[in-house]
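Survey of secondary and tertiary structure
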Amino acid sequence: MKYALEILTVTTILVFAGIFLVQNAHLQDTLQPGEEAWSGADSRAAEQIAASGYEPWFTPVWEPPGGEIETLFFCLQAAMGSLVIGYFFGYYRAKAAKE
Amino acid sequence: MHIMEGFLPWYWCAFWFAVSLPCIVYGIYQLNRLVKENRAALPLLAVSGAFIFVLSSLKMPSVTGSCSHPTGTGLSAILFGPCLTSVLGMIVLLYQALLLAHGGLTTLGANIFSMAIAGPFVGYWIYRGGKAVGLNTFVTVFLAAAICDLFTYVVTSFQLALAFPAQTGGILASFTAFALIFAVTQVPLAIIEGVIIALIFKYILQCRPDILVTLHVLSQAQVKKIQESFA
(Lines give C-alpha, C1' and ligand atoms only; values in the text may rest on other atoms or scores of the structure.)
Protein backbone atom coordinates (compact mmCIF):
# COMPACT_ATOMS: atom_id res chain seq x y z
CA MET A 1 0.00 0.00 0.00
CA LYS A 2 1.74 3.11 -1.25
CA TYR A 3 -0.52 5.59 0.52
CA ALA A 4 -1.39 3.58 3.65
CA LEU A 5 0.23 6.09 5.96
CA GLU A 6 -1.54 9.07 4.34
CA ILE A 7 -4.90 7.33 4.64
CA LEU A 8 -4.18 6.43 8.25
CA THR A 9 -3.27 10.04 9.09
CA VAL A 10 -6.42 11.48 7.55
CA THR A 11 -8.57 8.82 9.25
CA THR A 12 -7.04 9.53 12.65
CA ILE A 13 -7.68 13.25 12.31
CA LEU A 14 -11.26 12.66 11.13
CA VAL A 15 -11.96 10.33 14.07
CA PHE A 16 -10.73 12.93 16.54
CA ALA A 17 -12.69 15.67 14.81
CA GLY A 18 -15.78 13.47 15.10
CA ILE A 19 -15.21 12.85 18.80
CA PHE A 20 -14.75 16.60 19.29
CA LEU A 21 -18.04 17.47 17.57
CA VAL A 22 -20.05 14.97 19.62
CA GLN A 23 -18.40 15.97 22.86
CA ASN A 24 -18.70 19.68 22.14
CA ALA A 25 -22.46 19.36 21.60
CA HIS A 26 -22.71 17.65 24.98
CA LEU A 27 -20.46 20.20 26.71
CA GLN A 28 -22.36 23.20 25.36
CA ASP A 29 -25.61 21.77 26.76
CA THR A 30 -24.25 21.26 30.26
CA LEU A 31 -22.11 24.39 30.47
CA GLN A 32 -22.64 26.55 33.58
CA PRO A 33 -23.03 30.31 32.96
CA GLY A 34 -19.63 31.98 33.08
CA GLU A 35 -17.77 28.70 32.62
CA GLU A 36 -15.40 28.47 29.68
CA ALA A 37 -15.42 25.33 27.57
CA TRP A 38 -12.13 24.02 26.15
CA SER A 39 -9.80 26.01 28.38
CA GLY A 40 -6.09 25.23 28.33
CA ALA A 41 -4.63 22.45 30.47
CA ASP A 42 -1.77 24.78 31.44
CA SER A 43 -4.12 27.32 32.98
CA ARG A 44 -6.16 24.59 34.68
CA ALA A 45 -3.01 23.40 36.44
CA ALA A 46 -2.20 26.99 37.41
CA GLU A 47 -5.72 27.38 38.83
CA GLN A 48 -5.25 24.26 40.90
CA ILE A 49 -1.95 25.57 42.30
CA ALA A 50 -3.47 29.00 43.01
CA ALA A 51 -6.36 27.28 44.83
CA SER A 52 -3.88 25.90 47.36
CA GLY A 53 -3.02 29.50 48.32
CA TYR A 54 0.25 29.76 46.37
CA GLU A 55 1.16 33.23 45.10
CA PRO A 56 3.31 33.38 41.93
CA TRP A 57 6.50 35.25 42.80
CA PHE A 58 7.26 36.47 39.29
CA THR A 59 5.02 37.83 36.54
CA PRO A 60 5.65 37.66 32.79
CA VAL A 61 7.91 40.44 31.49
CA TRP A 62 5.51 41.08 28.64
CA GLU A 63 2.03 39.79 28.03
CA PRO A 64 0.14 40.00 24.74
CA PRO A 65 -2.38 42.80 25.40
CA GLY A 66 -5.42 40.85 24.23
CA GLY A 67 -6.62 37.57 22.78
CA GLU A 68 -6.29 38.71 19.17
CA ILE A 69 -2.67 39.70 19.61
CA GLU A 70 -1.92 36.41 21.32
CA THR A 71 -3.44 34.66 18.29
CA LEU A 72 -1.19 36.75 16.05
CA PHE A 73 1.94 35.46 17.74
CA PHE A 74 0.72 31.86 17.74
CA CYS A 75 -0.02 32.13 14.02
CA LEU A 76 3.34 33.74 13.42
CA GLN A 77 5.00 30.83 15.19
CA ALA A 78 3.17 28.28 13.03
CA ALA A 79 3.80 30.31 9.87
CA MET A 80 7.56 30.49 10.42
CA GLY A 81 7.71 26.76 11.03
CA SER A 82 5.60 25.90 8.00
CA LEU A 83 7.71 28.13 5.79
CA VAL A 84 10.91 26.32 6.73
CA ILE A 85 9.35 22.87 6.33
CA GLY A 86 7.85 23.72 2.94
CA TYR A 87 11.05 25.36 1.69
CA PHE A 88 13.31 22.42 2.43
CA PHE A 89 10.92 19.71 1.22
CA GLY A 90 10.48 21.66 -2.01
CA TYR A 91 14.23 22.02 -2.31
CA TYR A 92 14.82 18.29 -1.76
CA ARG A 93 12.11 17.25 -4.21
CA ALA A 94 13.23 19.57 -7.00
CA LYS A 95 16.85 18.57 -6.52
CA ALA A 96 15.98 14.87 -6.64
CA ALA A 97 13.92 15.41 -9.81
CA LYS A 98 16.79 17.20 -11.55
CA GLU A 99 19.36 14.51 -10.85
CA MET B 1 3.14 21.31 29.76
CA HIS B 2 4.13 24.95 30.17
CA ILE B 3 4.50 25.74 33.83
CA MET B 4 3.45 29.37 34.00
CA GLU B 5 5.74 32.21 34.99
CA GLY B 6 6.35 32.30 38.75
CA PHE B 7 4.40 29.09 39.34
CA LEU B 8 7.36 27.19 40.79
CA PRO B 9 9.15 28.13 44.02
CA TRP B 10 12.55 29.68 43.24
CA TYR B 11 14.58 26.70 44.51
CA TRP B 12 12.76 24.36 42.12
CA CYS B 13 13.39 26.82 39.28
CA ALA B 14 17.09 26.77 40.14
CA PHE B 15 17.10 22.97 40.44
CA TRP B 16 15.58 22.40 36.98
CA PHE B 17 17.92 24.95 35.40
CA ALA B 18 20.85 23.06 36.92
CA VAL B 19 19.54 19.73 35.60
CA SER B 20 18.91 21.08 32.09
CA LEU B 21 22.14 23.00 31.68
CA PRO B 22 24.56 20.08 31.02
CA CYS B 23 22.25 18.74 28.32
CA ILE B 24 21.99 22.14 26.61
CA VAL B 25 25.76 22.63 26.73
CA TYR B 26 26.36 19.19 25.22
CA GLY B 27 23.65 19.90 22.64
CA ILE B 28 25.43 23.10 21.56
CA TYR B 29 28.68 21.12 21.27
CA GLN B 30 26.89 18.54 19.09
CA LEU B 31 25.39 21.33 17.01
CA ASN B 32 28.84 22.79 16.33
CA ARG B 33 30.13 19.39 15.33
CA LEU B 34 27.18 18.84 13.01
CA VAL B 35 27.78 22.20 11.32
CA LYS B 36 31.41 21.25 10.69
CA GLU B 37 31.08 17.58 9.78
CA ASN B 38 27.67 16.94 8.27
CA ARG B 39 26.42 20.06 6.52
CA ALA B 40 24.03 18.05 4.37
CA ALA B 41 22.02 17.27 7.51
CA LEU B 42 21.49 20.93 8.45
CA PRO B 43 18.28 21.38 6.42
CA LEU B 44 16.84 18.40 8.30
CA LEU B 45 17.79 20.05 11.57
CA ALA B 46 15.95 23.19 10.44
CA VAL B 47 12.91 21.09 9.49
CA SER B 48 12.98 19.35 12.89
CA GLY B 49 13.13 22.69 14.69
CA ALA B 50 10.36 24.08 12.48
CA PHE B 51 8.28 21.05 13.34
CA ILE B 52 8.50 21.87 17.03
CA PHE B 53 7.50 25.46 16.17
CA VAL B 54 4.41 24.39 14.25
CA LEU B 55 3.16 21.57 16.46
CA SER B 56 3.66 23.39 19.75
CA SER B 57 1.63 26.34 18.47
CA LEU B 58 -1.43 24.19 17.74
CA LYS B 59 -3.76 24.05 20.70
CA MET B 60 -6.14 21.19 20.15
CA PRO B 61 -9.27 20.11 22.02
CA SER B 62 -9.08 16.80 23.79
CA VAL B 63 -11.50 14.28 25.30
CA THR B 64 -11.23 15.85 28.77
CA GLY B 65 -12.94 19.04 27.56
CA SER B 66 -9.77 21.11 27.75
CA CYS B 67 -7.16 22.07 25.19
CA SER B 68 -3.51 21.21 25.03
CA HIS B 69 -0.82 21.14 22.39
CA PRO B 70 1.54 18.52 20.95
CA THR B 71 5.27 19.03 21.46
CA GLY B 72 6.65 18.07 18.06
CA THR B 73 9.96 17.07 19.61
CA GLY B 74 9.77 13.43 18.52
CA LEU B 75 11.15 13.99 15.03
CA SER B 76 14.23 15.80 16.20
CA ALA B 77 14.78 13.27 19.01
CA ILE B 78 14.76 10.40 16.51
CA LEU B 79 17.00 12.16 13.98
CA PHE B 80 19.44 14.03 16.21
CA GLY B 81 19.07 12.70 19.75
CA PRO B 82 17.83 14.33 22.95
CA CYS B 83 20.64 16.85 23.59
CA LEU B 84 20.40 18.60 20.24
CA THR B 85 16.63 18.55 20.67
CA SER B 86 17.01 20.39 23.96
CA VAL B 87 18.64 23.31 22.11
CA LEU B 88 15.81 23.45 19.55
CA GLY B 89 13.19 23.16 22.29
CA MET B 90 14.82 25.97 24.24
CA ILE B 91 14.43 28.33 21.26
CA VAL B 92 10.71 27.55 21.00
CA LEU B 93 10.16 27.88 24.76
CA LEU B 94 11.99 31.22 24.80
CA TYR B 95 9.82 32.53 21.96
CA GLN B 96 6.67 31.50 23.80
CA ALA B 97 7.86 32.83 27.17
CA LEU B 98 8.87 36.24 25.77
CA LEU B 99 6.19 36.94 23.18
CA LEU B 100 3.20 34.95 24.39
CA ALA B 101 3.56 34.88 28.19
CA HIS B 102 3.18 31.14 27.70
CA GLY B 103 5.49 29.38 30.10
CA GLY B 104 8.04 31.74 31.60
CA LEU B 105 11.64 32.74 32.10
CA THR B 106 11.80 31.53 35.72
CA THR B 107 10.20 28.20 34.79
CA LEU B 108 12.23 27.87 31.57
CA GLY B 109 14.59 25.29 33.09
CA ALA B 110 11.70 23.09 34.23
CA ASN B 111 9.91 23.41 30.88
CA ILE B 112 13.10 22.63 28.93
CA PHE B 113 13.57 19.54 31.07
CA SER B 114 10.08 18.16 30.47
CA MET B 115 9.55 19.06 26.82
CA ALA B 116 13.02 19.13 25.35
CA ILE B 117 15.02 16.65 27.47
CA ALA B 118 12.96 14.01 29.32
CA GLY B 119 10.40 13.41 26.54
CA PRO B 120 12.96 13.33 23.70
CA PHE B 121 15.24 11.10 25.77
CA VAL B 122 12.52 8.47 26.13
CA GLY B 123 11.50 8.88 22.48
CA TYR B 124 15.09 8.45 21.34
CA TRP B 125 15.59 5.22 23.28
CA ILE B 126 12.26 3.82 22.13
CA TYR B 127 13.35 4.41 18.55
CA ARG B 128 16.74 2.81 19.16
CA GLY B 129 15.12 -0.11 20.97
CA GLY B 130 12.53 -0.66 18.25
CA LYS B 131 15.25 -0.54 15.61
CA ALA B 132 17.38 -3.04 17.52
CA VAL B 133 14.58 -5.61 17.79
CA GLY B 134 13.62 -5.11 14.15
CA LEU B 135 10.16 -3.57 14.64
CA ASN B 136 8.58 -1.96 11.56
CA THR B 137 10.27 1.44 11.13
CA PHE B 138 7.04 3.46 10.88
CA VAL B 139 5.51 1.76 13.89
CA THR B 140 8.70 2.52 15.82
CA VAL B 141 8.61 6.19 14.76
CA PHE B 142 4.94 6.40 15.76
CA LEU B 143 5.61 4.89 19.20
CA ALA B 144 8.71 7.01 19.80
CA ALA B 145 6.97 10.28 18.86
CA ALA B 146 3.72 9.54 20.71
CA ILE B 147 5.41 8.43 23.91
CA CYS B 148 7.89 11.31 23.66
CA ASP B 149 4.89 13.66 23.68
CA LEU B 150 3.01 11.87 26.44
CA PHE B 151 6.02 11.45 28.70
CA THR B 152 6.65 15.21 28.55
CA TYR B 153 3.30 15.77 30.25
CA VAL B 154 3.92 13.04 32.81
CA VAL B 155 7.17 14.80 33.73
CA THR B 156 5.39 18.16 34.03
CA SER B 157 2.86 16.58 36.41
CA PHE B 158 5.73 15.13 38.41
CA GLN B 159 7.55 18.48 38.56
CA LEU B 160 4.42 20.20 39.85
CA ALA B 161 3.73 17.38 42.33
CA LEU B 162 7.25 17.69 43.75
CA ALA B 163 6.84 21.43 44.21
CA PHE B 164 3.24 21.27 45.46
CA PRO B 165 2.64 18.03 47.40
CA ALA B 166 -0.98 17.66 48.53
CA GLN B 167 -1.66 18.12 52.23
CA THR B 168 -3.21 14.70 52.45
CA GLY B 169 -1.54 12.05 50.37
CA GLY B 170 1.60 14.06 49.62
CA ILE B 171 3.42 13.92 46.32
CA LEU B 172 1.56 10.89 44.98
CA ALA B 173 -1.91 12.40 45.45
CA SER B 174 -0.73 15.65 43.94
CA PHE B 175 0.86 13.81 40.99
CA THR B 176 -2.44 12.04 40.29
CA ALA B 177 -4.29 15.36 40.30
CA PHE B 178 -1.87 17.03 37.88
CA ALA B 179 -1.60 13.94 35.70
CA LEU B 180 -5.40 13.98 35.34
CA ILE B 181 -5.16 17.54 34.00
CA PHE B 182 -2.12 17.03 31.78
CA ALA B 183 -1.41 13.43 30.86
CA VAL B 184 -4.98 12.25 30.26
CA THR B 185 -5.70 15.28 28.06
CA GLN B 186 -2.56 14.48 26.16
CA VAL B 187 -3.29 10.88 25.13
CA PRO B 188 -5.31 11.66 21.96
CA LEU B 189 -2.93 14.45 20.97
CA ALA B 190 0.03 12.13 21.40
CA ILE B 191 -1.58 9.65 19.00
CA ILE B 192 -2.16 12.35 16.38
CA GLU B 193 1.40 13.60 16.79
CA GLY B 194 2.78 10.07 16.42
CA VAL B 195 0.90 9.51 13.17
CA ILE B 196 1.92 12.88 11.70
CA ILE B 197 5.59 12.39 12.56
CA ALA B 198 5.52 8.90 11.03
CA LEU B 199 4.14 10.49 7.84
CA ILE B 200 6.82 13.19 7.77
CA PHE B 201 9.43 10.51 8.39
CA LYS B 202 8.18 8.73 5.28
CA TYR B 203 8.65 11.90 3.19
CA ILE B 204 12.16 12.43 4.54
CA LEU B 205 12.92 8.82 3.71
CA GLN B 206 11.68 9.31 0.16
CA CYS B 207 13.59 12.57 -0.40
CA ARG B 208 16.92 12.05 1.35
CA PRO B 209 17.50 8.51 2.65
CA ASP B 210 21.26 9.18 2.40
CA ILE B 211 21.12 11.70 5.26
CA LEU B 212 19.23 9.26 7.48
CA VAL B 213 22.07 6.79 6.91
CA THR B 214 24.81 9.32 7.78
CA LEU B 215 22.89 10.23 10.96
CA HIS B 216 22.75 6.51 11.85
CA VAL B 217 18.95 6.68 11.99
CA LEU B 218 18.63 3.81 9.52
CA SER B 219 21.14 1.43 8.00
CA GLN B 220 21.64 1.16 4.25
CA ALA B 221 19.99 -2.26 4.31
CA GLN B 222 16.91 -0.95 6.12
CA VAL B 223 16.53 1.94 3.65
CA LYS B 224 16.71 -0.50 0.75
CA LYS B 225 14.11 -2.77 2.31
CA ILE B 226 11.66 0.08 2.94
CA GLN B 227 12.13 1.49 -0.55
CA GLU B 228 11.35 -1.91 -2.04
CA SER B 229 8.14 -2.08 -0.01
CA PHE B 230 7.04 1.26 -1.52
CA ALA B 231 7.86 0.35 -5.10
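Everything below is about the structure printed above this text.
An account of the accompanying structure is given in this report. (Residues numbered from 1 in each chain as written. Chains lettered and ligands numbered in written order. Predicted model: local features only at pLDDT ≥ 70, side-chain atom pairs only at ≥ 80, totals over all residues. Heavy atoms only, no water.)

What chain A contains, in helices and strands, is 3 helices and 0 strands. Listing each helix as α and each strand as β along chain A from the N terminus yields α-α-α. Of all 99 residues assigned to chain A, the portion counted as buried reaches 26%. Of the side chains in chain A, 5 bear a positive and 11 a negative charge, and the two mean positions are spaced by 29 Å. (Helix = DSSP H or I, 4+ residues; strand = E, 2+ residues; numbered from the N terminus. Buried < 20%, exposed > 50% of the residue type's maximum accessible area, 1.4 Å probe, protein only. Lys, Arg positive; Asp, Glu negative; His and termini not counted. Charge placed at Lys NZ, Arg CZ, Asp CG, Glu CD.)

A separate point is the interface of chain A and chain B. Listed as interface residues are 51 residues of chain A and, on the opposing side, 63 residues of chain B. Counting the surface lost from both chain A and chain B, the interface buries some 5,000 Å², and carbon and sulfur atoms represent 73% of this. If you sort the residues of chain A by the area they bury against chain B, Asp42(A), Gln77(A) and Tyr92(A) come out on top, with a joint share of 14%. Where chain A meets chain B, there are 1 salt bridge. Notably, a salt bridge pairs Glu6(A) with Lys202(B), separated by 2.9 Å at the nearest N-O pair. For the interface between chain A and chain B, the tally reads 18 residue pairs in polar contact (both at pLDDT 80 or more). Going through the elements one at a time, helix 1 (4-30), helix 2 (41-51) and helix 3 (67-98) of chain A are the ones with two or more residues in the side of chain A that touches chain B. Top contributing element to the side of chain A that touches chain B by residue count: helix 3 of chain A, with 16 residues. When grouped by side-chain class, the residues that make up the side of chain A that touches chain B number 32 nonpolar, 11 polar and 8 charged. (Contact = heavy atoms within 4.5 Å. Buried area = accessible area lost by both parts, 1.4 Å probe. Salt bridge = Lys/Arg side-chain N within 4 Å of Asp/Glu carboxyl O. Polar contact = N/O pair within 3.5 Å; in protein donor to acceptor, adjacent residues only side chain to side chain. Nonpolar A, V, L, I, M, F, W, Y, C, P; charged D, E, K, R; others polar.)

Our focus in this paragraph is the nonpolar core. Formed by 80 residues in total, the largest nonpolar core has its most connected members in Leu8(B) and Phe201(B). Ignoring sequence-local partners within four residues, the contact set of Leu8(B) consists of Tyr54(A), Trp57(A), Ile3(B), Cys13(B), Trp16(B), Thr107(B), Ala110(B), Gln159(B), Leu160(B), Ala163(B) and Phe164(B). (Core = buried A, V, L, I, M, F, W, Y, C linked by side-chain atoms within 4.5 Å.)

A few words now on helix 8 (residues 183-207) of chain B. Residue and element names in this part refer to chain B. With 25 residues, helix 8 should cover 36 Å at 1.5 Å per step; its first-to-last C-alpha distance of 35 Å lies within 8% of that length. At Leu-189, helix 8 shows its largest bend, some 30°. Within helix 8, 19 of the 25 residues are buried, leaving the element largely enclosed by the surrounding structure. (Expected span 1.5 Å × (residues − 1). Bend = angle between axes of the 7 residues up to and from the residue.)

A few words on the layout of surface pockets. Residue and element names in this part refer to chain B. What the largest pocket holds in volume is close to 440 Å³. Lining of the largest pocket is provided by 19 residues; of these, Gln-30, Arg-33, Leu-34, Phe-80 and Leu-215 occupy positions nearest its centre. If you list the elements that add at least two residues to the lining of the largest pocket, you get helix 1 (10-37), helix 3 (74-80), helix 4 (82-99) and helix 5 (108-132). Here the lining of the largest pocket is composed, by residue class, of 11 nonpolar, 5 polar and 3 charged. (1 Å grid on protein atoms, 1.4 Å probe; cavity = no way out; pocket = protein on both sides within 12 Å on 5 of 7 lines; lining within 4 Å. Points joined across faces, edges and corners; volume = space filled by probe spheres on them.)

Turning our eyes to something else, we now look at empty space enclosed by the protein. As enumerated under the stated definition, the model contains 2 cavities of 30 Å³ or more in all. Of the pockets and cavities examined, the largest cavity occupies roughly 40 Å³. Every residue lining the largest cavity is listed: Asp42(A), Ala45(A), Ala46(A), Ile49(A), His2(B), Ile3(B), Met4(B), Phe7(B), Leu160(B) and Phe182(B). Top element by residues in the lining of the largest cavity is helix 2 of chain A. It accounts for 4 residues. Taken together, the residues of the lining of the largest cavity sort by class into 8 nonpolar, 1 polar and 1 charged. The computed volume of the second largest cavity comes to approximately 30 Å³. Together, Tyr127(B), Gly130(B), Lys131(B), Leu135(B), Thr137(B), Thr140(B), Leu218(B) and Gln222(B) line the second largest cavity. At the level of secondary structure, the elements contributing two or more residues to the lining of the second largest cavity comprise helix 5 and helix 6 (137-163) of chain B. With 3 residues, helix 5 of chain B is the single largest residue contributor to the lining of the second largest cavity. Residue composition of the lining of the second largest cavity, grouped by class: 3 nonpolar, 4 polar and 1 charged.

Residues and elements named next belong to chain B. The residue Ala-101 is not glycine, and still its phi comes out positive at about 55°. Inspection of the secondary structure puts Ala-101 in the loop between helix 4 and helix 5. In this structure Ala-101 comes out as buried when scored by relative accessible area, which is 12%. Within the chain, His-216 stands out as a residue other than glycine whose phi angle is a positive 60°. Inspection of the secondary structure puts His-216 in the loop between helix 9 (209-214) and helix 10 (220-230). His-216 gets classed as exposed once you look at its relative accessible area, which sits at 54%.

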